[in-house]
Amino acid sequence: MRSGHGPWRVWRHALAAAIVAASAWATAASAAVAVDAVAAADAVPAGATVLRLHGTIHDRDAHSYVQVPFDVPQGTARLSVRFDHGGREDKTVIDLGLLDPHGFRGWSGGSKREFTVAASDATPSYLPGTLPAGRWQLLLGIPNIRPGRSADYIALVTLTPRAHPEAVPAALAPVLRAQPGWYRGDLHMHSAHSDASCASRSGTRVPCPLFLTLQAAGAAGLDFVALTDHNTVSHLQPIRELQPYFDDLLLIPGMELTTFQGHANVFGLQDWIDFRLGSASLQDWNAVLDEVQRRGLLLSINHPRLPNDERCMGCGWTPERPVAMERIAVVEAVNGQDAGTPVSGIPFWHALLDRGQRVTGVGGSDNHDATRREVGEGATTPVGHPATVVHAAALSQAAILDGIRAGRVFIDVQGSRDRKLELSLDCGQGPQPMGAELAPRDGTACQGTVEVDGLADARVELLLDGDGQAIEPRPVAGQAGRWRFDWQADGRRHWLRANVHDAQDRLALVGNPVYVKATP
Ligand SMILES: [Zn+2]
Ligand SMILES: [Zn+2]
């Protein structure tokens, strides 16, 4: 530690740091442009608290360290800092670090204006670990400020309570692309953070680094991946380092809840979720669904038809107590290469649709070796095989998960880079896409269209309530990959979706339903 350049001291002005409401984000803290930019940042996440620390650095502070104190309450799960200062035009530099009540928690110098620290993860430069309640210090270092100058600084400290771990600042949930469109991803994969393995550089079988998974996803042309290691969230830590580098690949933190009564992916979490089904802490799947709902997460039942025995312990969906299945919104209809096989999730999905539920069918590779590029008998399938293609308002976690909920989604079973499937049904209200719910009166004549791109000699199969014979699609003359069909509403409840087969009659694309409500 340097000495002789001015004393450590507490920045008294900042002692008044107050807990502020959302509006304070929009309140300019000073005339300095940089300070305004921070103050005008995104809204306070619901459930979180924001502390606003600000002050002024003077020329006499050059080559000293300034501590800006703030209090962290009991039960805080995450602390995120957004910092900026003025005076850059005068070459003023303010470095940044963090002390907890017991000591050092990291130093990023002048390299970062935002960072986060939580039990399981922290921005590189900072140390993850539990957040003790008490007085913390933002540590400012002043490498340079010219004689006669001063500079304002502001730090917004977002405190995320343990009860709402997903209440994080927007910087931790980036928007990689702002425009609506079809986004292609893989919702199920494993890495060294659970049981994935691959050959090391010298050929030994080792836990497979997450970096390779993301490189494989990029090479497969994916826009997003959900990282779903078994029963852990230790991958939250590398996400902090890897997401800025993979700025064209959205990393959705997930966890494969791996129980003795089935597996389910949970998407969008920022902290562990209890998986100990059947224990005192977690009675049954309904308790899981309660927690998922409370935290605003999304749950998908995985590979429901796999066995649950010594071939694959706990893999199949085998709840020991009744589950409120009407709360299931997503099912992994295709896992790896299981489409069309006896363990396909499609019949399980259809059974829920037949109950009148809205359930989005998705796919996931369940990859356990990121270096695998080919599909092989009995082996893990490559990342992106299958892909789940989601029509979303943007490429962000919130938009992708909302897109899955909305159901304008298809599964690209063979993991192509460019295949597309659109189905729409028009019962007099204009064409409605997959995921839409229509309510045509008995006798209404409806027209539908199916559009397929990227697949030569495709065969379209329309499934009305699972029946592949009920509706015959007609190819549109002169327009490859276009079909039309007619259907007359009968006042009863239905679901209608498309499967597309390739020239070898293999299942290539699995569409999600349009839903028809019963009408009086
Ligand atoms: Zn599984
Ligand atoms: Zn898995």
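Residues numbered from 1 in each chain as written. Chains lettered and ligands numbered in written order. Predicted model: local features only at pLDDT ≥ 70, side-chain atom pairs only at ≥ 80, totals over all residues. Heavy atoms only, no water.

Attention shifts here to the pattern of salt bridges. Working definition: two side chains of opposite charge can pair if their charged atoms are close together. Counted under the stated rule, the structure contains 27 salt bridges. The shortest N-O distance in the salt bridge between R482 and D453 comes to 3.5 Å. Linking R482 in strand β30 (residues 482-488) with D453 in strand β27 (residues 445-453), this pair joins segments that are 29 residues apart in sequence. By relative accessible area, D453 is classed as partly exposed at 35%. Bridged by salt links that share partners, the residues E166, E291, R294 and R295 form one connected network. (Salt bridge = Lys/Arg side-chain N within 4 Å of Asp/Glu carboxyl O. Helix = DSSP H or I, 4+ residues; strand = E, 2+ residues; numbered from the N terminus. Buried < 20%, exposed > 50% of the residue type's maximum accessible area, 1.4 Å probe, protein only.)

Let us look at the nonpolar core. Among the nonpolar cores identified, the biggest contains 53 residues, and L214, V225, W285 and L299 are the most heavily contacted of them. For this core, the element with the most residues is helix α5 (residues 346-354), which contributes five residues. Residues from two domains meet in this core; each of domain 2 (173-417) and domain 3 (419-520) gives at least three. W285 has contacts with L257, T259, Q261, G262, H263, A264, L277, L299, W317, P319 and V323, leaving out every residue within four places of it along the chain. Of all hydrophobic cores here, the second largest spans 30 residues; its members include L423, M434, V452 and W487. (Core = buried A, V, L, I, M, F, W, Y, C linked by side-chain atoms within 4.5 Å. Domains from an automatic or database assignment. Contact = heavy atoms within 4.5 Å.)

In space, the five strands of this open sheet follow the order β25-β24-β27-β30-β29, with antiparallel pairing throughout. Edge positions in the sheet fall to β25 (432-433) and β29 (474-475), since each has one partner strand and no second. (Pairing = 2+ DSSP bridges.)

Note on placement: C315 falls in the loop between β18 (298-301) and β19 (330-335). On the basis of relative accessibility, which here comes to 6%, the residue C315 falls in the buried class. In this structure the C-alpha to C-alpha distance between C315 and P304, which are eleven residues apart in sequence, comes to 7.4 Å. Once residues within four sequence positions are removed from consideration, C315 is found in contact with G262, H263, N302, H303, L306, P307 and N308.

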